[in-house]
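Coordinate inspection notes
For reference, the chains in residue letters:
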Amino acid sequence: MKRLHQPDIAENTNWDLIIIGGGATGLGTALDAASRGLKTLLVEQSDYAKGTSSRSTKLVHGGVRYLAQGDIGLVRHALKERGLLQQNANHLVNKEEFLIPCYDWFSVAKYLTGLTLYDWLAGKYSFGKSKYFSKKETLAMMPGIKAEGLKGSIRYYDGKFDDARLAINIAQTAIEKGASLLNYTKVTALLKNGETVTGIETEDAITGTVAKYIGKVVINATGVFVDDILKMNNPNSKKMVRPSQGVHVVLDKSFLNSESALMIPKTSDGRVLFAVPWHEHLLVGTTDTPLDEHNLEPRALKEEVDFIMGTAASYFNRKPLEKDILSVFSGLRPLAAPTNGEGNSTKEISRDHKLIVSTKGLITITGGKWTTYRRMAEETVNLAITHAGLEPKACVTKNLSIHGSQAIKGDHYLDIYGSDRSKIEALIVQNPSLGVKLIPNFPYTEAEVLWFARNEMAETVEDILSRRFRILFIDAQTAKDMAPKVASILAKELSADENWEQNQIETFNKLADGYIYQATNKITDTALAH
Ligand SMILES: Cc1cc2nc3c(=O)[nH]c(=O)nc-3n(C[C@H](O)[C@H](O)[C@H](O)COP(=O)(O)OP(=O)(O)OC[C@H]3O[C@@H](n4cnc5c(N)ncnc54)[C@H](O)[C@@H]3O)c2cc1C
């Protein structure tokens, strides 16, 4: 099999850092290390952000929920990172207005006090003041919520983003700073000299090529897969991670009919639930289900979808039905596994990250949030420098622009590409047929597909429909409808034959069926943790 992007990386380089995992954590670490001038290699077994990093609630946030749990330090750090991320990737991170509907006056007082503290903790990184709105004002802002018994709402601000697109742009920035990145490259073994980890052995998932890479320190940033890597070092190593599944459903945005997001502060299981306008649709979630197993394509359990739909129904005017679900997707939180006394419920396990050295040459970073990826990366590279005796250099990512970021931001749909928008438009000027829509009702064009293949390291139809366009996550049936056209464009670009094209369509259709609720309905609960 051929690749669209032939990696050209010398096996005999002595890398300063080798990073395993191309999600938020690994990519952030690659960017941090490369921007300090360290010789950096990152390998990802699939596409960038294929794991948890494309399956978040899309919030760049301090975590209102953690404030309620009294975790002030975590909230303060995250609010600062929220501000830095908006500054450095302003084409992808937007300020969003959230409304908490209140059905009694005690809630009005409680949430206004809590959110005023949230604003205050943000300090100079504040996104705007929280405020009470009357019932009439609330319904004018969000006509889709239940009016009966409503006393008003509290408005607060947080950030919203496109997670997978940010991952791609961070990968591009890391490359621009000198890092080498390999997608579809799986680590199959750690190289060791006695007890010291000295590198990795990999297999290319597309071509099957096996390679070895030597480095001064290996960083395990594989999310819910960290224990698999730790076992390559020591088969008896203790579990660091406990996966917790979070599910989202996507509905038509007419359910809330609002530009603001809804925050339900206390669900029947004591969690929060969000309904966030995203890519002209409404993203509703999430759940927190402890699992014993992990894989790259986790599937929603029926009870999780029922929980989300039932909670939404008690706040929405119009009850959403199963047939209204346009897409359903799941992600696995790499929560740090409980140590003695931390309890067994995932709600109690720390959302903060953990950084450990298991043996000379192997550092593992896990947990945390997308919002805090930069700070986690900074700590990881600081530790790598001292641990491996690398030349000490200060972190420079606080004010480092992410690829695409630009001062002026518009509201055209192509503005999500930031400074790359003009280059995509130039393709259409050269060849106007590239500007024709791939499918009615969505703005996507052939020019963008070519852009992804040539500039954003996409290799497959799935990479394009899931994580470059986000259509699989927005409307899974439409994604299936688009697959043949995208496969044909990619096949031409790769000079691949009809077999390749057919195979891409079939593989994608099978995957997309898992995002169509009727098709996922039969899932059993065998993976649930006991
Ligand atoms: C439901 C849900 C909602 C969330 N919402 C938010 C939110 O709104 N805001 C927020 O800030 N955070 C949110 N988070 C948290 C955030 O998404 C995660 O903390 C973050 O994405 C974790 O990134 P990661 O890089 O550690 O893991 P991942 O993204 O899973 O990346 C790990 C990567 O390692 C790769 N890998 C594994 N094994 C190997 C191997 N052997 N060789 C090579 N590569 C390998 C995997 O393919 C994967 O791509 C949410 C999480 C979940 C589950």
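Thresholds applied
- Residues numbered from 1 in each chain as written.
- Predicted model: local features only at pLDDT ≥ 70, side-chain atom pairs only at ≥ 80, totals over all residues.
- Domains from an automatic or database assignment.
- Contact = placed C-beta atoms within 7 Å.
- Helix = DSSP H or I, 4+ residues; strand = E, 2+ residues; numbered from the N terminus.
- Near = placed C-beta within 6 Å.
- Nonpolar A, V, L, I, M, F, W, Y, C, P; charged D, E, K, R; others polar.
- Axes fitted to C-alpha atoms, helices over the stretch in contact; angles between N-to-C directions.
- Parallel < 35°, antiparallel > 145°, perpendicular 65-115°, else oblique.
- Core = buried A, V, L, I, M, F, W, Y, C linked by C-beta atoms within 7 Å.
- Buried ≥ 20, exposed ≤ 12 C-beta atoms within 10 Å, placed from the backbone.
- Left-handed = near helix turned anticlockwise from the far one by under 90°.
- Expected span 1.5 Å × (residues − 1).
- Pairing = 2+ DSSP bridges.
- Arc of directions from axis to C-beta.

Each assigned domain of the protein is listed with its residue range as follows: domain 1 (14–52 + 165–240 + 342–399), domain 2 (95–159 + 243–333) and domain 3 (413–518). Relative to domain 3, the C-alpha centre of domain 2 lies at a distance of 30 Å. Listed as interface residues are 12 residues of domain 2 and, on the opposing side, 10 residues of domain 3. Tallying contributions element by element places strand S16 (residues 327–336) first for the side of domain 2 that touches domain 3, with 3 residues.

On to the site of the ligand, then. As a matter of local geometry, the ligand sits amid 38 residues, with Gly21, Gly23, Gly51, Gly223 and Gly246 nearest to it. Secondary structure elements with two or more residues in the shell around the ligand: helix H1 (24–35), strand S8 (185–193) and S16. When residues in the shell around the ligand are grouped by element, the largest group, 4 residues, is from S16. Residues that form the shell around the ligand fall into these classes: 11 nonpolar, 20 polar and 7 charged. Counting only domains with at least three residues in the shell around the ligand, you end up with domain 1 (14–52 + 165–240 + 342–399) and domain 2 (95–159 + 243–333).

We now examine the packing of helix H12 (residues 461–468) against helix H15 (residues 498–513). Two elements in contact, H12 and H15, have axes whose closest approach is 9 Å; the angle formed by their N-to-C orientations is 40°. It follows from the interaxial angle that H12 and H15 lie oblique. Contact residues: Val461, Glu462 and Leu465 in H12; Gln504, Ile505, Phe508 and Leu511 in H15. Split into classes, the residues belonging to the contact of H12 with H15 amount to 5 nonpolar, 1 polar and 1 charged.

Attention now goes to unusual backbone geometry. Of all residues except glycine, most have a negative phi; of all peptide bonds, most are trans. For the bond from Gly285 to Thr286, the omega torsion is 25°, close enough to zero to count as cis. Here the phi dihedral of Asn257 falls at roughly 55°; this positive angle occurs in a residue that is not glycine. The topology assignment puts Asn257 in the loop between strand S11 (241–252) and strand S12 (261–264). The phi angle at Met457 is positive, at roughly 60°, despite the residue not being glycine. With respect to the helices and strands, Met457 occurs in the loop between helix H11 (446–455) and H12.

On to the nonpolar core, then. Counting 139 residues, the largest nonpolar core has Leu27, Ala30, Ala167, Ile219, Leu465 and Val486 as its most contacted members. Setting aside residues no more than four positions away along its own chain, Ile219 makes contact with Leu17, Ile19, Ile20, Thr29, Ile363, Ile365, Thr380 and Ala384.

This part is about the packing of H12 against helix H14 (residues 476–494). Orientation of H12 relative to H14, taken along the N-to-C sense of each, is 130°, at an axis distance of 9 Å. As summarised for this structure, H12 and H14 are arranged oblique, according to the angle between their axes. Here H12 runs over H14; the crossing is right-handed. From H12, Val461, Ile464 and Leu465 reach across to H14, where they touch Ala479, Met482, Ala483, Val486, Ala487 and Leu490.

Let us look at helix H3 (residues 72–88). Taking 1.5 Å of rise per residue, 17 residues should cover 24 Å, and H3 covers 24 Å from first to last C-alpha, within 8% of that figure. Those residues of H3 that sit buried are Leu74, Val75, Ala78, Leu79, Lys80, Glu81, Arg82, Gly83 and Leu85. Against the buried residues of H3 lie strand S3 (59–60), helix H2 (64–68), strand S4 (93–102), helix H4 (105–122), strand S6 (152–161) and helix H9 (373–388).

S6 sits mainly inside the fold: 10 of its 10 residues count as buried. When S3 meets S6, the two strands line up antiparallel, connected through 2 bridges. When the sheet's bridge partners are listed, Val60 is paired in S6 with Gly159. In terms of strand pairing, S4 meets S6 through 10 bridges, oriented antiparallel. The residue of S6 that forms the bridge with Cys102 is Gly152. Note that strand S5 (residues 131–133) and S6 share 3 bridges and pair antiparallel. What sits directly across from Lys131, in S6, is Arg155.

This brings us to H15. With 16 residues, H15 extends 23 Å between its outermost C-alpha atoms, agreeing within 8% with the 22 Å of an ideal straight helix rising 1.5 Å per residue. Turning to H15, its buried residues number three or more, namely Glu501, Gln504, Phe508 and Ala512. Summarising the axial view, the buried residues of H15 lie within an arc of 60°, below the 170-degree limit, and thus occupy one face. When the buried face of H15 is taken as reference, the exposed residues oriented beyond 90 degrees from it are Glu498, Asn499 and Lys510. Summarising the contacts, the buried residues of H15 are in contact with H12, helix H13 (471–474) and H14.

What follows is about the pairing of strand S13 (residues 273–278). Across the 6 residues that make up S13, a large majority, 6, are buried. Burial along S13 is two-sided: Leu273, Ala275 and Pro277 and Phe274, Val276 and Trp278, pointing in opposite directions, are all buried. Here 3 bridges tie S12 to S13, and the two strands are oriented antiparallel to one another. Its bridge partner being in S13, Leu262 is matched across the sheet by Ala275. Inspection of the sheet shows S13 paired to strand S14 (residues 281–285) by 5 bridges, in the antiparallel sense. Residue Ala275 lies in a different strand from S14, and its bridge partner there is Val284. Linking S13 back to S14 in an antiparallel pair, the connection comprises 2 residues, with His279 at a positive phi of about 45°.

Right, let's talk about the environment of Gln504 for a bit. Counting through the fold element by element, Gln504 comes out in helix H15. Overall, Gln504 belongs to the buried group, with 24 C-beta atoms counted inside 10 Å. Sequence spacing of Gln504 and Ser54 is 450 residues, and the spatial spacing of their C-alpha atoms is 21 Å. Ignoring any residue separated from it by four or fewer positions in sequence, one finds Gln504 in contact with Thr460, Val461, Ala487 and Leu490.

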